[in-house]
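# Coordinates in review
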Amino acid sequence: MAPLAASVALAGILFALQAVGHGRNGNAPRQATLACDAGSFASVMPPGAAVEKVAIVAEGGNYGEGMSDEAYPWIPTGLPGLCAVTVRVQSSPSSSFRFGLFLPSADRWKGRFLAVGNGGFSGGINWIDMAPGPHNGMASISTDTGHNSTALETSWALRNPEARTDWGWRAMHGSIVLGKALVSAYYNRPISYSYFSGCSTGGRQGLREMQAFPDSFDGMLVGAPAWWTTHLSNWITKVGTYNFPVTSPHHIPMALAPFIADQVRRQCDPQDGVTDDIVSDPLNCTFDPAPLLCPPVHSDPTLPATTSDPCLTPAQLTTLRHIYADYRSPTADQLIYPGLTLSSEPQWSLLLGDHTDPNATSPSPSPFGTGYARNFLLDDPTWDWRRYDDALVTLADELNPGHANADDFSSLRNYQSRGGKLLLYHGLADGLVPTKGSLLFYNKTIDAFGGDIQAVTSFFKLLLVPGMQHCFNTDAHVQAPWNFGGATQAGAMGMGEWSVPGHRDAKHDAMMAMMEWVERGQEFKEVVATAWNQLWNASSGERRQRPLCVWPGKAVWDGRGDVDDAGSWRCEGL
């Protein structure tokens, strides 16, 4: 990895950080608290960085960039009174990134700093995920990762290694460094505690920062992390090759996904001990796909895949097995990436559905995989997914475009030894980033600590969330509890939400639980998740609550109480 000081502009930022002081051990700056105006911030800006905009947001106001922010057009409302700042930083002679900063009023700032992550390949300031910060006494930041695009767009990376580096790690780290400097200068005192919250690519960003710069955070809330970019992106294309082209006998139309999901629930739901539509333990379900198989009259592969009686042909059943199976090297039988879990079927359209591809004459696999191959790995926008070869994984590991991987497990001791805390969570029904990838990260951490599980659990807690999809949400048929204060979850409930509606406390909000752990040493063994009668409508009334147990613990029903009441469950096996 190229050191940060290799960039003159970012070296200037490091100098500025040293000048103003930061962290619990930093010295408070001597200048007066900054005013919320462009000139005040410009006076402390290092070379290579410039103020784009400063705005005063009144109590109860809103702020964001709207539709000009392609990835995050949502504008949070009901904000505490704060100062909103946008900064641009020159990261190399040919690249730059922006970041936004929410600074609550001095009387509401509790000495806390929060950085939030992004999603997919998106470029944009994530104002909506920044919003919970000021409500929790935090100054919060988000970077645009060096470009402006939606999550699926990768053309910005084509023949542009500096932009890849910004996305991979540099924009996040540079934003944290300068963001902390500005926060300390604004309040005229050092930051007491620093936190991170992000899911998917945001989870990867947090883990990457933690590994390379262990002093950045005291507590981290990381969801469904896409941490092994070189393998995950290639797995996405590989799993797509199982289901394409759409004209092949082995293709499973996404219209059949609910049929498959229903059969998974029928078999796996009772096996976890409570029949409630939630597949609570898909990792240990013994699933028999035979009931999905077409009866003899429908077994001809030349017949349409969908009939009046849904079923899968033998060729489609083979595809189904590939989707759940791990992707392994055919020569060395080494794991490349784990497959999807049972109960992930309602989200399969994200990876296995038909995608419009300007370089193809027919539907193709997800741009999360094909875009990575074209614009990160091969610099060839005409590359076709039919040319996919396992050798691309080896090439990706060799090049590691943007140095995006968060796979330096040996460095985790540095974070642990300084007292840092990590809560990693993943939905067991995730159909985009396989849940077993987080288990792999957890087990690799244990390996890096020489099998010392006690040392790992002293700083690293893992939550697996039954029925939750990618980062948030649940299938409407299942209505599994999914909201516990993770990244993106407040915004999903409404532009003015900043915690779990009706449950703004450390028992139900994971970020608040993290603050208690970091600041008061109060560990937790569970966080209670909530679901509503209507997916994103708290006013519809609560549907269910259930404890999420720290791995390897599992929630067990007491056999007597209401299964939808968290009090009827206890965590066992901790």
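In what follows, the accompanying structure is described. All values derive from a computational prediction rather than experimental measurement.

Calculation criteria
Residues numbered from 1 in each chain as written. Predicted model: local features only at pLDDT ≥ 70, side-chain atom pairs only at ≥ 80, totals over all residues. Heavy atoms only, no water. Phe/Tyr/Trp six-rings, centres within 6.5 Å; stacked < 30°, edge-to-face > 60°. Helix = DSSP H or I, 4+ residues; strand = E, 2+ residues; numbered from the N terminus. Buried < 20%, exposed > 50% of the residue type's maximum accessible area, 1.4 Å probe, protein only. Pairing = 2+ DSSP bridges. Axes fitted to C-alpha atoms, helices over the stretch in contact; angles between N-to-C directions. Contact = heavy atoms within 4.5 Å. Disulfide = S-S within 2.5 Å. Arc of directions from axis to C-beta. Expected span 1.5 Å × (residues − 1).

Bringing the packing of aromatic side chains into the picture now. Following the criterion strictly, the structure yields 34 aromatic pairs and no others. With centroids separated by 5.1 Å and ring planes inclined at 75 degrees, the aromatic side chains of Tyr-63 and Trp-127 adopt a geometry described as edge-to-face. Placement of the pair is Tyr-63 in the loop between strand 1 (49–57) and strand 2 (82–92) and Trp-127 in helix 3 (residues 127–130), with a sequence separation of 64 residues. Comparing Tyr-63 with Trp-127, the two get one shared label, buried. Ring centres of Trp-109 and Tyr-187 lie 4.0 Å apart, and the angle between their planes is 5 degrees; this geometry places the pair in the stacked category.

Now for the sheet that holds strand 1. Strands sit in the order 1-2-3-5-4-6-7-10-11 across an open sheet of 9 strands; the sheet is mixed. Both edges of this open sheet fall to strand 1 and strand 11 (460–465), since each of them pairs with a single strand only. Strand-to-strand, the axes of this sheet are offset by a mean angle of 15 degrees, without reference to chain direction. With 4 bridges joining them, strand 4 (residues 112–116) and strand 5 (residues 138–143) adopt parallel strand pairing. Bridging from a neighbouring strand, Arg-112 pairs with Met-138 of strand 5. Taken strand by strand, helix 6 (residues 201–212) contacts strand 6 (193–199), strand 7 (219–223) and strand 10 (421–427), and its axis lies near 140 degrees from that of strand 6. In this fold helix 17 (residues 510–520) packs onto strand 4, strand 5, strand 6, strand 7, strand 10 and strand 11, with an angle of close to 150 degrees to the strand it touches most, strand 6.

For the rest of this paragraph, the subject is the state of the cysteines. Scanning all chains against the criterion turns up 5 disulfides. The side chain of Cys-294 participates in a disulfide bridge whose partner is Cys-311; the two sulfur atoms lie 2.1 Å from each other. Between Cys-294 and Cys-311 the disulfide shows an S-S torsion of about 85 degrees. By sign, it is right-handed. Taken as a pair, Cys-294 in the loop between helix 8 (257–271) and helix 9 (314–324) and Cys-311 in the loop between helix 8 and helix 9 lie far apart in primary sequence, 17 residues in all. Side by side, Cys-294 and Cys-311 carry an identical accessibility label, which is buried.

Another point: helix 12 (residues 391–399). Inspection of helix 12 places Leu-392, Val-393 and Ala-396 among the buried residues, and these make up the whole buried set. The arc that holds every buried residue of helix 12, seen down its axis, measures 105 degrees, which confines them to one face. Against the buried residues of helix 12 lie helix 7 (229–243), strand 8 (327–328), strand 9 (335–337) and helix 11 (367–377). Looking one or two residues past helix 12, Asn-400 carries a phi angle of roughly 40 degrees, positive in sign.

For helix 6, built from 12 residues, the straight-helix expectation of 16 Å at 1.5 Å per residue is met to within 8% by its first-to-last C-alpha distance of 16 Å. Helix 6 sits mainly inside the fold: 11 of its 12 residues count as buried. Within the sequence span of helix 6, burial applies to Thr-201, Gly-202, Gly-203, Arg-204, Gln-205, Gly-206, Leu-207, Arg-208, Glu-209, Met-210 and Gln-211.

Across the 10 residues that make up strand 3 (residues 95–104), a large majority, 10, are buried. Where strand 2 and strand 3 come together, 10 bridges link them in antiparallel fashion. By the bridge assignment, Val-89 is partnered in strand 3 with Phe-97. If you look at the hairpin formed by strand 2 and strand 3, you'll find 2 residues sitting between the two strands. Here 4 bridges tie strand 3 to strand 5, and the two strands are oriented antiparallel to one another. Bridging across to strand 5, Leu-101 finds its partner in Ile-141.

Remember, this is a structural readout, not a statement about activity or role.
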